[in-house]
Amino acid sequence: MSLLVGYGLVTMNFYIKTQSNQLSDASASYIEQVTSQQISERLTDVAQTRARAIETELWSITNDTNYLASGVENIIKNPQYYTERSLPDPRLQPIKSGEVYLHKGAKLQAAGLSPELQHEIRLMSNVKDYLGLMAQQYSQYESSLFVGSKYGYIIAADNSPGNEYINMTDEFLNTYEPTERGWYKNTQRRDAITFNDIYVGADGYPSFTCSAPFEDEQGFAGVVAVACSVKSISDIMADSLVGESAISFVLGDRGKIMLSTSHEGDISDVNSTDLRKMDNENLARVANKMLAGEKGWEIVDIDGYVYFLAYAPMDKLHWSFGTLIAKDEVMNPVTIARHSIVDRVKYFQTTLNGRVLKLVFVAILCILLALVILFNLSSWLTDNFVKPIKNLTSGVQEIADGNLEKKIFLSTGDELETLANSFNNMTDELQKYMEHITQVTMEKEHIATELAVATNIQESMLPHIFPFAPEHSEFDIYAVMHAAKEVGGDFYDFYLFDDEHLMITIADVSGKGVPAALFMVVAKTLLKNSTMAMEDVDHLSMVMERTNNQLCQNNDAMMFVTAFIGMLDLKTGRFSYVNAGHNPPLIYRKKENHFSYMQVDRNFVLGGMEDMGYKGQEMTLFPGDRLLLYTDGVTEALNEQKELFGEERLLDKLNSIDVEKNSTRDLLNCLKNELDGFVGEADQSDDITLLTLLYYGAATGR
């Protein structure tokens, strides 16, 4: 009988030990799985948000670079509108920060200037108007904006915040040859806008050179470039870090690290190795996924440490953004909990073994006197020890299934109760950790919601009720605006000046985002107010001059607007107009059944310089003639192969449409479908605005 009782107690001890070990292993494994899933999802959301933010910063620079290239080509192709000018030479006088200067390369200094080249340089010096304005926009950064000619000279403006003059090195003044520099050769070879390798500038922030080619009548003529450091990118990279071990980086389209918060190891900003060709096969595989435009997360081994790596694409640049956090840091609470569980279980087992031995000893002494009591006692002890462990195991399983609200309540008064309390404390800490990450994500979503409201407000400011003025049978008009971002800088407007005159406007504000949208509201309001204050319908040029001077006042952001305004006499068809640096409209002559570009004088943009003169023009519209106005978001739309839609393609597409069978609305819908078919799956890079006017004539009904 004693052996039977002893066997029962030993069996109970073995069962309790087995259950305790299973509890220790299962609890740690389940909680580790839940924590890994939660942190990977949060990191992926952070990576996608930061990728979009960095891409927006870099993409705005490409628009400035394209604008500078178009300005240079305008000077080259229209020399009759410009006079010869001279610029300071840094070899002869000190150059102030932001001042536009001319520097001749080493070869050109040695060979000297021919009369023809001297004439070209003096004409090209008119690019000062573009460089000066743009240099002021970049004045808060260490930056350089320049035009490099194939003949070996550059026209540039440098910014050195905190310094009055630019420090010119002897190497630059005496041996610098622009046509031999990497930014020049890379751009000439690719014949497209190019981001050169990013480096750390003198101010300690990421710096890069964005360059684009420009052409003359013989073809390639040189390169324009914007080289600057962008502190905002460093701020975005720093904001994306979650934890002490976190690293964020940007992977370029050639597989190299362009930016990184780490300065050593495989993921450093000094590593020039293609990650796709590294010996670390796991990291190379993830790099291939990132450059294929995928989004997701992986567990990778880097420099001897295991990391969670989340990544998201930067589609416009064909780059990718990644953020890492060490697995040990994420799993540290789980590891501590696991060690605590193991220690508690071992202590519990040791205590239990001692109690079992005592019970066996007592049972042997008392077996003959209290056999019935011993059996009852054994049953009670089994329930007293095994049931709490089963309850604890069940609770841990529910927590592992994702229910972090689960609480385990035990009132055993021993180590099991302490162990249950440890689990409750651990779930509380995990909840706080998840809530913190969720709060960060919600803040980003709140910003997106506010931008959506701004979009609705901006759209409501533009005329959107069609048909417009149905009581007038002399014309039909229709317009649309598709913003590339949440808010845009394009706008259009049309209204009746009086019963006999119709005003139309289309414009494009420099820059993108909220600043451009706010400047758009100001420009639209000033243009309309100036127009309605006209005393004579022939004073359109005065409207432009007044609006330009008003926009230049307090324009600390140095923003500007390209605009086209026109007034149609509904009785005679006389159409007077003024163009301020905007794309030339297209006119459709019913008699010829053909679209062609209007001949317009490209006056200076609005808001760029005070007291500018503007030249007005006029033409006559006959019944059935149409006008089509547009912004550069149409001709500069890019497809997946980075090809421009272009002015020639726009003209061809319009002439392929049966205009006489389409209303103004249908004509714009047909053109938008052609544009969408060309762009395909590529993202919209700029605002797209279209306006078309059909003149029926004074005596003809619709």
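Use the structure listed above.
Quick caveat, the model's predicted, so the values are computed rather than measured.

Chemist: Account for the overall build of the chain, with residues named and values stated.
Modeler: Helix and strand counts for the chain stand at 17 helices and 22 strands. The buried share of the chain, taken over its 702 residues, is 50%. Counting contacts in the chain only where the partners sit at least 6 residues apart, residues at least 24 apart contribute 66% of the total. Accessible area of the chain: about 33500 Å², with a carbon and sulfur share of 51%.

Chemist: I'd like a description of the sheet that holds strand E20 (residues 616–620), backed by residues and values.
Modeler: Spatially, the 5 strands line up as an open sheet ordered E14-E15-E16-E17-E20, and their pairing is antiparallel. Of all the strands in the sheet, the pair left with one neighbour each is strand E14 (490–498) and E20. Put simply, the sheet's adjacent strands are angled 15° from each other on average, direction ignored. The sheet contact formed by strand E16 (residues 561–569) and strand E17 (residues 574–580) spans 5 bridges and is antiparallel. Looking at the pairing, Ile-565 lines up with Val-578 of E17. Here helix H13 (residues 513–532) sits on the sheet in contact with E14, strand E15 (501–509) and E16, set at roughly 15° to E14. Here helix H14 (residues 540–552) sits on the sheet and contacts E15, E16, E17 and E20; the angle it forms with E16, its principal contact strand, is near 150°.

Chemist: Can you lay out the sheet that holds strand E18 (residues 586–589) for me, pointing to particular residues and giving the numbers?
Modeler: The 5 strands are arranged E13-E22-E21-E18-E19 in an open sheet whose pairing can be described as antiparallel. Two strands in the sheet have a free side with no partner beyond their single neighbour: strand E13 (475–482) and strand E19 (594–597). This sheet shows a mean twist of 15° between the axes of neighbouring strands, independent of strand direction. The sheet contact formed by E18 and E19 spans 4 bridges and is antiparallel. Considered in E19, the bridge of Arg-589 is made with His-594.

Chemist: Provide a residue-level description of the packing of aromatic side chains, including the pertinent values.
Modeler: Under the criterion given, the structure shown has 17 aromatic pairs. Arranged with centres 6.0 Å apart and planes meeting at 40°, the rings of Trp-297 and Phe-308 form a pair that is tilted. Residue Trp-297 is found in strand E10 (residues 296–302), and its partner Phe-308 is found in strand E11 (residues 305–314); the two are separated by 11 residues along the sequence. Given the relative accessible area of 33%, Trp-297 is considered partly exposed. Through pairs of rings, three or more aromatic residues link up here, namely Phe-466, Phe-468, Phe-475, Tyr-478, Tyr-492 and Phe-494.

Chemist: Could you give an account of the pairing of strand E8 (residues 247–251), with specific residues and numbers?
Modeler: Counting buried residues along E8, 5 of its 5 residues qualify, which places the element largely inside the surrounding structure. Burial along E8 is two-sided: the face carrying Ile-247, Phe-249 and Leu-251 and the face carrying Ser-248 and Val-250 are both buried. As paired elements, E8 and strand E12 (residues 319–326) share 5 bridges and run antiparallel to each other. Bridging across to E12, Val-250 finds its partner in Phe-321.

Chemist: Tell me about the pairing of strand E9 (residues 257–260), and name the residues and values.
Modeler: Judged from the 3 bridges that link them, E8 and E9 form a sheet pairing that is antiparallel. Bridged to Leu-251 within E9 is Ile-257. Here E8 hands over to E9 after 5 residues, with Gly-255 in that stretch at a positive phi of 85°.

Chemist: Could you give me a rundown of the environment of Tyr-307, with the residues and numbers involved?
Modeler: Mapped onto the fold, Tyr-307 is located in strand E11. With a relative accessible area of 11%, Tyr-307 lands in the buried category. For Tyr-307 and Asp-328, which are 21 residues apart along the polypeptide, the C-alpha to C-alpha distance reads 8.1 Å.

Rules behind the numbers
- Note on numbering: residues in each chain are counted from 1, in written sequence order.
- Under the rules for a predicted model, residues below a pLDDT of 70 receive no local features and side-chain atom pairs below 80 are neither given nor counted, while totals for whole chains, interfaces and linings still include all residues.
- Processing note: side-chain calculations cover all non-hydrogen atoms of the structure and skip hydrogens and water entirely.
- Segments assigned H or I by DSSP are reported as helices when at least four residues long, segments assigned E as strands when at least two residues long, and all are numbered from the N terminus.
- Buried, partly exposed and exposed residues are distinguished by accessible area as a fraction of the type maximum, computed with a 1.4 Å probe on protein chains only: under 20%, between the cut-offs, and over 50%, respectively.
- Should any heavy atoms of two residues lie within 4.5 Å, those residues are counted as being in contact.
- Exposure was quantified through the Shrake-Rupley algorithm and a 1.4 Å probe, taking into account, for residues, occlusion by the shown protein chains and nothing else.
- The pairing criterion is simple: DSSP has to find at least two bridges between the two strands.
- Angles run from 0 to 180 degrees between N-to-C directions of axes, and those axes are lines fitted to C-alpha atoms, restricted for helices to the stretch in contact.
- Working definition: rings of Phe, Tyr and Trp (its six-membered ring) pair if their centres are within 6.5 Å, and the pair is stacked with planes under 30 degrees apart, edge-to-face with planes over 60 apart, and tilted otherwise.

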